[in-house]
Amino acid sequence: SAVISQKPSRDICQRGTSLTIQCQVDSQVTMMFWYRQQPGQSLTLIATANQGSEATYESGFVIDKFPISRPNLTFSTLTVSNMSPEDSSIYLCSASSGMDTNEQFFGPGTRLTVL
Amino acid sequence: AQSVAQPEDQVNVAEGNPLTVKCTYSVSGNPYLFWYVQYPNRGLQFLLKYITGDNLVKGSYGFEAEFNKSQTSFHLKKPSALVSDSALYFCAVRDLTLSGGYNKLIFGAGTRLAVHP
């Protein structure tokens, strides 16, 4: 299994600013994903981070709001842009090395509060 | 469309008693099913998965899950609950919709398990 770390673990930000969240995996992985977990809710997939190409966004999420980078097989970033209080959530990074089983390992999450 | 349902928002059980957290699914084709646990202020931890084979799958921390194709269920079970099992549990199913060339996971709403001493 992969060990995943995220930075920062939490942050409090002002409306209109942007925050970049980093995700580091301790081994090379095929796929990396970014999820949002709003308070008391389940996980919603934001996008799949593709190494060397543009991320694949899910319905309701756009690149201008959530730009994603994945420069190599162990690292990805998610930026939450022009934040509003509705962006207050836990943001989770996950990784998978299996194409068939889709077993995913998750980072500890970044708890974001927007004032 | 693929989906997974967790009909109980919360399950309460006394320590030492058996526990069951329910999950039902709807997929076309063979289901790949997963259980994850989320402890307070932590990310999700993988518990177990069903891909094929025996209907009873054993996972981490003494948990197991039973795949029932006729009832389209994948309930999580443990013979004897511990207070430390108190957490949020998520069932997930593979979504056949491809994203970036790979299958995605769809998560249920989650069930909060409370184990009382």
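Residues numbered from 1 in each chain as written. Chains lettered and ligands numbered in written order. Predicted model: local features only at pLDDT ≥ 70, side-chain atom pairs only at ≥ 80, totals over all residues. Heavy atoms only, no water.

J.: Describe the overall build of chain A, listing the residues and the values that go with them.
T.: Along the backbone of chain A there are 0 helices and 11 strands. Mapped in sequence order, the helices and strands of chain A form the string β-β-β-β-β-β-β-β-β-β-β. Against the globule reference of 13 Å for 115 residues, chain A gives a C-alpha radius of gyration of 13 Å, in line with a compact fold. Counting only C-alpha atoms, chain A reaches 40 × 25 × 20 Å along its principal axes. The buried share of chain A, reckoned over its 115 residues, is 53%. Long-range pairs, those at least 24 residues apart, make up 54% of the contacts in chain A with a sequence separation of at least 6. Of the charged side chains in chain A, 7 are positive and 9 negative, and the gap between their average positions amounts to 10 Å. (Helix = DSSP H or I, 4+ residues; strand = E, 2+ residues; numbered from the N terminus. Rg over C-alpha atoms; globule rule 2.2 N^0.38 Å. Buried < 20%, exposed > 50% of the residue type's maximum accessible area, 1.4 Å probe, protein only. Contact = heavy atoms within 4.5 Å. Lys, Arg positive; Asp, Glu negative; His and termini not counted. Charge placed at Lys NZ, Arg CZ, Asp CG, Glu CD.)

J.: How would you sum up the state of the cysteines? Please name residues and give values.
T.: Summed over the entire model, instances satisfying the criterion amount to 2 disulfides over all chains. The side chain of A:Cys23 participates in a disulfide bridge whose partner is A:Cys93; the two sulfur atoms lie 1.9 Å from each other. Between A:Cys23 and A:Cys93, the disulfide has an S-S torsion of -65 degrees and is therefore left-handed. Of this pair, A:Cys23 sits in strand 3 (residues 19-25) while A:Cys93 sits in strand 9 (residues 89-96), placing them 70 residues apart in sequence. Given the relative accessible area of 0%, A:Cys23 is considered buried. Residue classification places A:Cys93 among the buried residues on the basis of a relative accessible area of 0%. Here B:Cys23 pairs with B:Cys91 through a disulfide, and the sulfurs are 2.0 Å apart. Its S-S torsion of about -60 degrees marks the bond between B:Cys23 and B:Cys91 as left-handed, since a negative value means left-handed. Within this pair, whereas B:Cys23 is found in the loop between strand 3 (19-21) and strand 4 (24-26), its partner B:Cys91 is found in strand 10 (residues 87-99), the two being separated by 68 residues in sequence. Across this residue pair, the class does not change: B:Cys23 and B:Cys91 are buried. (Disulfide = S-S within 2.5 Å.)

J.: Tell me about the layout of surface pockets, and please be specific about residues and values.
T.: Taken as a whole, the largest pocket spans an internal volume of roughly 380 Å³. In terms of lining residues, the largest pocket is bounded by 19 residues, among which A:Gln37, A:Gly40, B:Gln38, B:Leu88 and B:Arg112 are the most central. Secondary-structure elements contributing two or more residues to the lining of the largest pocket are strand 9 and strand 11 (110-114) of chain A. Split into classes, the residues belonging to the lining of the largest pocket amount to 7 nonpolar, 8 polar and 4 charged. (1 Å grid on protein atoms, 1.4 Å probe; cavity = no way out; pocket = protein on both sides within 12 Å on 5 of 7 lines; lining within 4 Å. Points joined across faces, edges and corners; volume = space filled by probe spheres on them. Nonpolar A, V, L, I, M, F, W, Y, C, P; charged D, E, K, R; others polar.)

J.: An account of unusual backbone geometry is needed here, citing residue identities and associated values.
T.: The omega torsion of the bond from A:Lys7 to A:Pro8 falls at -5 degrees, within 30 degrees of zero and hence cis. By secondary structure assignment, the location of A:Pro8 is in the loop between strand 1 (4-7) and strand 2 (10-13). Here the phi dihedral of A:Asn82 falls at roughly 45 degrees; this positive angle occurs in a residue that is not glycine. Mapped onto the fold, A:Asn82 is located in the loop between strand 8 (75-80) and strand 9. Of note, B:Thr72 is a non-glycine position whose phi angle comes to about 45 degrees, a positive value. Along the chain, B:Thr72 falls in the loop between strand 8 (64-68) and strand 9 (73-78).

J.: Give me the interface of chain A and chain B: which residues, what numbers.
T.: With 24 residues of chain A at the interface, the matching set in chain B holds 24 residues. Summing both partners gives a buried area of about 1,900 Å² for chain A against chain B, and 54% of it is carried by carbon and sulfur. In this structure, the connection of chain A to chain B is made through 0 salt bridges. At the boundary of chain A with chain B, the tally comes to 4 residue pairs in polar contact (both at pLDDT 80 or more). Residues of the side of chain A that touches chain B, tallied by class, amount to 8 nonpolar, 11 polar and 5 charged. (Buried area = accessible area lost by both parts, 1.4 Å probe. Salt bridge = Lys/Arg side-chain N within 4 Å of Asp/Glu carboxyl O. Polar contact = N/O pair within 3.5 Å; in protein donor to acceptor, adjacent residues only side chain to side chain.)

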